[in-house]
Amino acid sequence: MLAADSTGFADPVLDAQSTFRTLMDAFARPGSVQRLAPRLVPPAGLAIGLAAVALALCDHETAVWLDPPLAADREVAAYLAFHTGAGLTTDPREAAFALVSDLAALPPFGSFSVGDDAYPDRSTTIVAAVSGLAEAGALRLAGPGIDGERQLGVAPWPAHLTGELAENRALFPRGVDLVLVAPQAVAALPRTTRIVEAR
Amino acid sequence: MSASDAETKAPTPTLPRKGGGSGAATDGDDWISPVLKDNRAGTAEEPSPLAGEGRVGDLRSRGATATGYNFAYLDEQTKRMIRRAILKAIAIPGYQVPFASREMPMPYGWGTGGVQVTAAVIGPDDVLKVIDQGSDDTTNAVSIRKFFAKTAGVATTTKTAEASIIQTRHRIPETPLTEGQVLVFQVPIPEPLRYLEPRETETRRLHALADYGLMHVKLYEDIARHGHIATTYDYPVEVAGRYVMNPSPTPKFDNPKMHRSPALQLFGAGREKRIYAVPPHTDVVSLDFEDHPFEVQRFDKPCALCGANNVYLDEVVLDDRGGRMFVCSDSDFCTSRREAGHRGEMAADPAGAGRP
């Protein structure tokens, strides 16, 4: 059931545009921390950043996969259904977007769709909520969109993800793209980004 | 005075800066004469011609447009679809992402792809510049600028440095782009291999296998036939070491500007239904051979109006006795230089303030 006090974007058109634009900047400059302060009220179980990305990009054409904590929350499903019309899927391979509330419990990237060599765009975009993002920290990044090197701090950062991202990079042009949302901030790690070093 | 005012009155290339030079508060209506104020609103059935340009009237608030279109013309579902394609395009530099291109209120070939990309990206705070072969004042550029001023109520400019989004047909501005700017290309044929292999199924496979031998054969045949690589525009590039990409029919002169540009470059092909991208600070290498390295066009003389060297020049025929002049293709660059006092050999007016 739809939570009574939840709302979609205050202005569905302009807020979707500004959220997308923030995401576009995040993708174009991987690892840069962009300010994201969406004007909406998600249900209690859904991080506001996840809600903003879903409302900006998902609709009836995109299957959405929810991680177990989100999938167990009926208010989340009702909220997404009402505001986006997106269908939910339990098969991560079918998902255009995966919404993840617990990054540590994220299934291996390989269980999502990585596209194929002819259509590498047919891949899953994983959007995960974290508690903090900083432009300094353990991850040193390089690749398209980055002038030299960039640092990114993600809290909490599950150590095994560093290796998974390296494997994901090796699949290029196939692969998943990772979006990290924190309260008021977003950063993206598209498949092109190499992690030079993780302390 | 705003760009909109000037453009409505006289389509000269010397459009003043958005925001005005004299420090006037142009976000308000102070600069509009009472007569214009009366006319600008128009009626619901027949919007005022002035309503199309710049920050005239209340167009910045969505839904207040006299025509009743959604913000930036496209419906929200279409924008979401294009936005998803743009994110994929940035994540896979140089790969052509298929998208469900819509019919636009202009014919194919007039920039429907670029317009759709711009419409999906643009917000009310953006400042839009549109160029057509480097010029701000040709039909295509003026029409597209008006289109977004009308449907999105955005501010427009002719100054490269002031623009947050620059939509372009076949040129990259001479003024270096900066971090945070977005360059949107209008692309007729996105597939670099199309004239070598007409089947989409085959070109897709060649891209999947990164098999670009055909393209090298084509460039080699140029050398065999002409002694040098004769491709002068739409010169193929390799992006981020993987995909070979068409830079759209920009002169190859502009190819080096794409290499590690701080601006985000987006490409929209409406008829061919493809979107692709080059993120900032990304390697863009023009294909060549060790013994026939890539070279850009060189011009013997500087611009006849502003005296600039190392810029791309257009030939202007002056009479039927062989008279001609070569002037900057980038009208904003040329105007700015003349305003700064630079003079070419054929610049007529001593003030150097305007084009003849």
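All values reported here derive from a predicted model rather than from experimental measurement.

**Student:** I'm lost on the overall build of chain A in this one. Help?
**Tutor:** When you go through chain A residue by residue, the secondary structure sums to five helices and 10 strands. By the compact-globule yardstick of 16 Å for 199 residues, chain A fits well, its C-alpha radius of gyration being 16 Å. When its C-alpha atoms are laid out on the principal axes, chain A stretches across 45 × 30 × 30 Å. Scored against the burial criterion, the 199 residues of chain A give a buried share of 58%. Partitioning the contacts of chain A with sequence separation of at least 6, the portion at a separation of at least 24 is 71%. In the structure as shown, chain A presents an accessible area of about 7600 Å², 54% of it carried by carbon and sulfur atoms. Computing the positive centroid from 14 side-chain charges and the negative centroid from 22, chain A places the two 7 Å apart.

**Student:** Would you mind going over the nonpolar core with me for this structure?
**Tutor:** Soluble, globular proteins show a tendency: their nonpolar side chains are buried together. With 87 residues, the main nonpolar core has A:Met24, B:Ile86, B:Ile90 and B:Leu266 as its most contacted residues. With nine residues, the single largest contributor to this core is helix H1 (residues 12-28) of chain A. Excluding residues within four positions of it along the chain, A:Met24 makes contact with B:Ile86, B:Leu87, B:Ile90, B:Val121, B:Val182, B:Leu264 and B:Leu266. Within the second largest apolar cluster, 28 residues are counted, among which are A:Val100, A:Ala128, A:Leu178 and A:Leu189.

**Student:** What's the story with the packing of aromatic side chains in this structure? I'm lost.
**Tutor:** Two aromatic rings are characterised by how far apart their centres lie and by the angle between their planes. By the definition in use, this model includes 11 aromatic pairs over all chains. Seen in terms of ring centroids, B:Tyr73 and B:Phe147 are 5.3 Å apart; in terms of plane orientation they differ by 55 degrees. Their pairing is tilted. Of the two residues, B:Tyr73 is situated in the loop between helix H2 (34-40) and helix H3 (76-91) and B:Phe147 in helix H5 (residues 139-151); the sequence distance between them amounts to 74 residues. When its relative accessible area of 23% is taken as the criterion, B:Tyr73 is described as partly exposed. The exposure class assigned to B:Phe147 is buried, which follows from its relative accessible area of 13%. For the pair B:Phe253 and B:Tyr312, a centre-to-centre distance of 5.6 Å together with 50 degrees between the ring planes defines the contact as tilted. Taken as a pair, B:Phe253 in the loop between strand E7 (243-245) and helix H8 (255-258) and B:Tyr312 in the loop between strand E10 (284-286) and strand E11 (313-317) lie far apart in primary sequence, 59 residues in all. For B:Phe253, a relative accessible area of 11% gives the class buried. Each member of the aromatic cluster is reached from another via a ring pair, and the members are B:Tyr69, B:Tyr73, B:Phe147 and B:Phe148. The ring of A:Tyr119 carries A:Arg122 above its face, with NZ or CZ at 3.6 Å from the centroid.

**Student:** For this particular structure, what's the right way to read the side chain of B:Gln77?
**Tutor:** The topology assignment puts B:Gln77 in helix H3. A relative accessible area of 15% means that B:Gln77 is categorised as buried. A distance of 3.1 Å separates the side chain of B:Gln77 from the side chain of A:Glu61, its partner in a polar contact. At 3.4 Å, the side chain of B:Gln77 forms a polar contact with the side chain of B:Arg102. Contact partners of B:Gln77, with chain neighbours within four places excluded, come to A:Asp59, A:His60, A:Glu61, B:Arg84 and B:Arg102.

**Student:** What is the right way to read the confidence of the model for chain B from this model?
**Tutor:** When pLDDT is low, close inspection of the predicted coordinates is not appropriate. Residues and elements named next belong to chain B. Within chain B, residue pLDDT values average 84, and 79% of them lie at 70 or more. A low-confidence stretch, residues 1-64 (pLDDT under 50), is modelled with 101 contacts involving residues beyond four sequence positions or located in other chains. Counting interchain partners and residues more than four positions distant, the pLDDT-below-50 stretch residues 352-356 has 13 contacts. In the predicted complex, the global pTM is 0.87; the interface-specific ipTM is 0.98.

**Student:** Please clarify how the layout of surface pockets should be interpreted in this entry.
**Tutor:** Any empty space left between atoms is shown by rolling a water-sized probe over those atoms. Counted as a void, the largest pocket has a volume near 400 Å³. A:Ala96, A:Asp121, B:Arg84, B:Ala85 and B:Lys88 are the residues nearest the centre of the largest pocket, which is lined by 25 residues in total. Taken together, the elements giving at least two residues each to the lining of the largest pocket come down to H3 and strand E1 (97-98) of chain B. Counting residues per element, the lining of the largest pocket draws most heavily on H3(B), at five residues. Considered as a void within the structure, the second largest pocket measures approximately 320 Å³ in volume.

**Student:** Explanation requested: a nonpolar patch on the surface in the structure shown.
**Tutor:** Residue and element names in this part refer to chain B. A cluster of nonpolar side chains, Val316, Leu318 and Met346, forms an exposed patch at the surface whose accessible area comes to about 210 Å². As for its position among the elements, Leu318 is in the loop between E11 and strand E12 (324-328). Under the relative-accessibility criterion, Leu318 is labelled partly exposed at 40%.

**Student:** How should I be thinking about the interface of chain A and chain B in this particular structure?
**Tutor:** You'll often see interface size given as the accessible area lost when the parts meet. Between chain A and chain B, the contact holds 40 residues from the first and 42 residues from the second. Summed over both sides, the interface between chain A and chain B buries roughly 3200 Å², with carbon and sulfur atoms accounting for 63% of that surface. Where chain A meets chain B, there are five salt bridges. The interface formed by chain A and chain B contains 19 residue pairs in polar contact (both at pLDDT 80 or more). Elements represented by at least two residues in the side of chain A that touches chain B include exactly H1 and helix H2 (48-57) of chain A. Top contributing element to the side of chain A that touches chain B by residue count: H1(A), with 11 residues. Classifying every residue of the side of chain A that touches chain B by side-chain character gives 22 nonpolar, eight polar and 10 charged.

**Student:** What is the right way to look at the pairing of strand E5 (residues 182-186) of chain B in this model?
**Tutor:** Successive residues of a regular strand alternate their side chains across the two faces of the sheet. Residue and element names in this part refer to chain B. With respect to burial, E5 is a largely interior element, five of its five residues being buried. As paired elements, strand E4 (residues 165-169) and E5 share four bridges and run parallel to each other. Residue Ile165 lies in a different strand from E5, and its bridge partner there is Val182. Taken together, the five bridges between E5 and strand E8 (residues 264-269) define a ladder with parallel strand orientation. Opposite Gln186, over in E8, you have Gly268 as the bridge partner.

**Student:** I keep staring at the environment of A:Leu180 and nothing clicks. Help me out?
**Tutor:** All names here are of chain A. Position of Leu180 relative to the elements: it lies in strand E8 (residues 177-182). Here the alpha-carbon distance between Leu180 and Ser111, two residues 69 residues apart in the chain, equals 19 Å. With residues near it in sequence (within four places) discarded, Leu180 still touches Leu103, Ala128, Val130, Leu133, Val154, Trp157, Ala185, Val186, Ala187 and Leu189.

Conventions we followed
- Residues numbered from 1 in each chain as written.
- Chains lettered and ligands numbered in written order.
- Predicted model: local features only at pLDDT ≥ 70, side-chain atom pairs only at ≥ 80, totals over all residues.
- Heavy atoms only, no water.
- Helix = DSSP H or I, 4+ residues; strand = E, 2+ residues; numbered from the N terminus.
- Rg over C-alpha atoms; globule rule 2.2 N^0.38 Å.
- Buried < 20%, exposed > 50% of the residue type's maximum accessible area, 1.4 Å probe, protein only.
- Contact = heavy atoms within 4.5 Å.
- Areas by Shrake-Rupley, 256 points an atom, 1.4 Å probe, with all protein chains shown as cover.
- Lys, Arg positive; Asp, Glu negative; His and termini not counted.
- Charge placed at Lys NZ, Arg CZ, Asp CG, Glu CD.
- Core = buried A, V, L, I, M, F, W, Y, C linked by side-chain atoms within 4.5 Å.
- Phe/Tyr/Trp six-rings, centres within 6.5 Å; stacked < 30°, edge-to-face > 60°.
- Lys NZ or Arg CZ within 6 Å of the ring centre and 35° of its normal.
- Polar contact = N/O pair within 3.5 Å; in protein donor to acceptor, adjacent residues only side chain to side chain.
- pLDDT = per-residue confidence, 0-100.
- 1 Å grid on protein atoms, 1.4 Å probe; cavity = no way out; pocket = protein on both sides within 12 Å on 5 of 7 lines; lining within 4 Å.
- Points joined across faces, edges and corners; volume = space filled by probe spheres on them.
- Patch = residues over 30% accessible without salt bridge, like charges linked within 9 Å, V, L, I, M, F, W, Y side chains within 5 Å.
- Salt bridge = Lys/Arg side-chain N within 4 Å of Asp/Glu carboxyl O.
- Buried area = accessible area lost by both parts, 1.4 Å probe.
- Nonpolar A, V, L, I, M, F, W, Y, C, P; charged D, E, K, R; others polar.
- Pairing = 2+ DSSP bridges.

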